[in-house]
Amino acid sequence: MLDIKGSLPALVTPFRDGEVDYNALERLIEWHIAQGSDGLVAVGTTGESPTVSKSEHKEVISRVVDLVAGRVPVIAGTGSNATAQSLDMLQHAEAVGADAALVVTPYYNKPNQAGLLSHYKVLHDSSNLPIILYNIPGRCVIDILPETMAEMARWPRIIGVKDATGSMERVSKQRALCGRDFLQLSAEDAAALGFNAHGGRGCISVTANVAPRLCAEFQAASLSEDLDLARDHQDRLLPLHSALFLEPPAACAKYALSRLGLCREDVRLPLAPVTEETSQALDKAMAHAGLI
């Protein structure tokens with residue numbers, strides 16, 4: 001059975017001179033595996049999925065799968081607000097050997113609960129790849145209600161959810177309705193300690209881009225209920241969790257990674273490099289965590 005849990009960095013997509021920097025991508029992957037990350041998420045929102053081309057999106061997924069070479073699970077971001085486009089990306093991810101897909105709720109066109117069920121049913125029935133739902137009402141304006149999620153949890157290849165609702169109560173309700181084996185992953189680094197206490201099994205993390213070892217150790221401590229150690233790590237990481245969201249996380253993470261010499265801070269419009277104020281806050285948070 002596919003074992004997805006713990007610290008799962010939502011990988012940035014590094015750029016150089018307007019193109020995907022595959023040398024930096026390889027460097028990041030090797031670093032993450034050496035630092036103890038439990039899996040990698042390719043081309044999610046933090047990977048700037050809105051601004052990579054369709055061919056780039058597919059190529060990055062292929063490269064990540066090849067470079068990881070089975071050492072940790074690879075979860076491919078394959079979401080879209082068009083079912084046909086999401087299906088095309090999902091089937092590509094399956095063909096190149098990804099372990100699972102992360103599929104965000106359709107944004108902007110705002111389907112109702114019946115539309116969500118139909119969207120995910122097409123994806124589920126047209127691929128053998130395990131699917132993790134991505135529920136982020138703050139960006140997509142729609143919410144997979146727990147009762148709707150419970151219906152999807154009965155389908156064999158809907159294995160879990162990346163939850164960005166920010167509600168601890170929601171984790172317990174989904175656990176009750178979807179079953180204890182339904183994988184719940186936090187989308188909020190700062191809330192991951194409480195999320196796991198309610199039955200979560202990890203975090204698809206922005207901060208793990210920058211502090212993979214600390215995030216992996218935090219998750220291991222939290223999941224083994226070593227709360228003293230988990231709280232110690234939380235104290236070290238909390239300023240970084242906050243600083244990485246002062247501006248769009250992709251830009252913040254890339255700035256921090258540039259400070260570590262791992263990739264450039266290049267982003268694509270409409271994102272812009274972080275301001276001087278934010279860079280100073282990130283430097284301070286990285287120093288607090290012992291990273292610089």
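Shown above is the structure to which this text applies.
The notes below deal with the structure included here. Everything numeric here is computed off the predicted structure, so don't read it as measured data.

Here's the deal with the overall build of the protein chain
Helix and strand content of the protein chain: 12 helices and 10 strands. Relative to the compact-globule value of 19 Å for 292 residues, the protein chain shows a C-alpha radius of gyration of 18 Å, a close match. On the principal axes, the C-alpha backbone points of the protein chain span a range of 45 × 45 × 35 Å. When each of the 292 residues of the protein chain is scored for burial, the buried share is 53%. Contacts in the protein chain between residues at least 24 apart in sequence constitute 71% of all its contacts with a sequence separation of at least 6. Accessible area of the protein chain: about 12100 Å², with a carbon and sulfur share of 50%.

Quick look at the packing of aromatic side chains
One pass over the structure, following the stated rule, counts zero aromatic pairs. When the ring centre of Y22 is taken as reference, the NZ or CZ atom of R63 above it lies at 3.9 Å. Over the aromatic face of W155 sits the side chain of K121, whose NZ or CZ is 5.6 Å from the ring centroid.

Regarding the packing of helix α1 (residues 22-35) against helix α2 (residues 54-68)
Two numbers describe how α1 lies on α2: the axes approach to 10 Å, and their chain directions differ by 40°. As summarised for this structure, α1 and α2 are arranged oblique, according to the angle between their axes. Crossing geometry of α1 relative to α2 is assigned as right-handed. Contacts between α1 and α2 involve Y22, L25, E26, I29, E30 and I33 from the former and E56, E59, V60, R63, V64, L67 and V68 from the latter. Taken together, the residues of the contact of α1 with α2 sort by class into eight nonpolar, no polar and five charged.

Quick look at the state of the cysteines
By definition, a disulfide is the covalent link that joins the sulfur atoms of two cysteine residues. According to the stated counting rule, one finds zero disulfides in the structure shown. C178 forms no disulfide, and the closest cysteine sulfur to it belongs to C140, at a distance of 18 Å. Given a relative accessible area of 14%, C178 falls into the buried group. The thiol sulfur of C263 is not disulfide-bonded, and the nearest other cysteine sulfur, from C252, lies at 13 Å. With a relative accessible area of 7%, C263 lands in the buried category.

Digging into the environment of E188
Its place among the elements puts E188 in the loop between β9 (183-186) and α8 (192-197). Under the relative-accessibility criterion, E188 is labelled partly exposed at 32%. When the C-alpha atoms of E188 and E225 are compared, they prove to be 19 Å apart, with 37 residues separating the residues in sequence. In this structure E188 touches A164 and C203, once residues within four positions along its chain are discounted.

A closer look at the pattern of salt bridges
Across all of its chains, the model carries 14 salt bridges by this definition. With its nearest N and O atoms 2.6 Å apart, the salt bridge here joins K121 to D125. In this pair, K121 and D125 are both assigned in helix α4 (residues 113-125), four residues apart and thus about one turn of the helix distant. Judged by relative accessible area, K121 falls into the partly exposed class, the value being 32%. Each of D17, R264 and D266 takes part in one network of salt bridges that share partners.

Topic: the side chain of T207
Within the fold, T207 resides in the loop between β10 (202-205) and α9 (212-223). Within the local environment of T207, its side chain forms a polar contact with the side chain of H241, the two groups lying 2.8 Å apart. Ignoring sequence-local partners within four residues, the contact set of T207 consists of D189, C215, L237, L240, H241 and L244.

Brief notes about the packing of α1 against α9
Packing of α1 against α9 brings their axes to within 8 Å, and their N-to-C directions diverge by 40°. In the packing of α1 onto α9, the handedness of the crossing is right-handed. Residues W31, H32, A34 and Q35 of α1 touch α9, and the partners they reach there are P212, R213 and A216. For the contact of α1 with α9, a count of residues per class yields four nonpolar, two polar and one charged.

Quick notes on the nonpolar core
Counting 58 residues, the largest nonpolar core has I4, V64, I75, Y120, L133 and M152 as its most contacted members. Not counting chain neighbours up to four residues away, the residues in contact with I4 comprise P73, I75, A100, I132, I159, L183 and L185. With 34 residues, the next largest nonpolar core counts L28, L193, L244 and A253 among its residues.

Conventions we followed
Residues numbered from 1 in each chain as written. Predicted model: local features only at pLDDT ≥ 70, side-chain atom pairs only at ≥ 80, totals over all residues. Heavy atoms only, no water. Helix = DSSP H or I, 4+ residues; strand = E, 2+ residues; numbered from the N terminus. Rg over C-alpha atoms; globule rule 2.2 N^0.38 Å. Buried < 20%, exposed > 50% of the residue type's maximum accessible area, 1.4 Å probe, protein only. Contact = heavy atoms within 4.5 Å. Areas by Shrake-Rupley, 256 points an atom, 1.4 Å probe, with all protein chains shown as cover. Phe/Tyr/Trp six-rings, centres within 6.5 Å; stacked < 30°, edge-to-face > 60°. Lys NZ or Arg CZ within 6 Å of the ring centre and 35° of its normal. Axes fitted to C-alpha atoms, helices over the stretch in contact; angles between N-to-C directions. Parallel < 35°, antiparallel > 145°, perpendicular 65-115°, else oblique. Left-handed = near helix turned anticlockwise from the far one by under 90°. Nonpolar A, V, L, I, M, F, W, Y, C, P; charged D, E, K, R; others polar. Disulfide = S-S within 2.5 Å. Salt bridge = Lys/Arg side-chain N within 4 Å of Asp/Glu carboxyl O. Polar contact = N/O pair within 3.5 Å; in protein donor to acceptor, adjacent residues only side chain to side chain. Core = buried A, V, L, I, M, F, W, Y, C linked by side-chain atoms within 4.5 Å.

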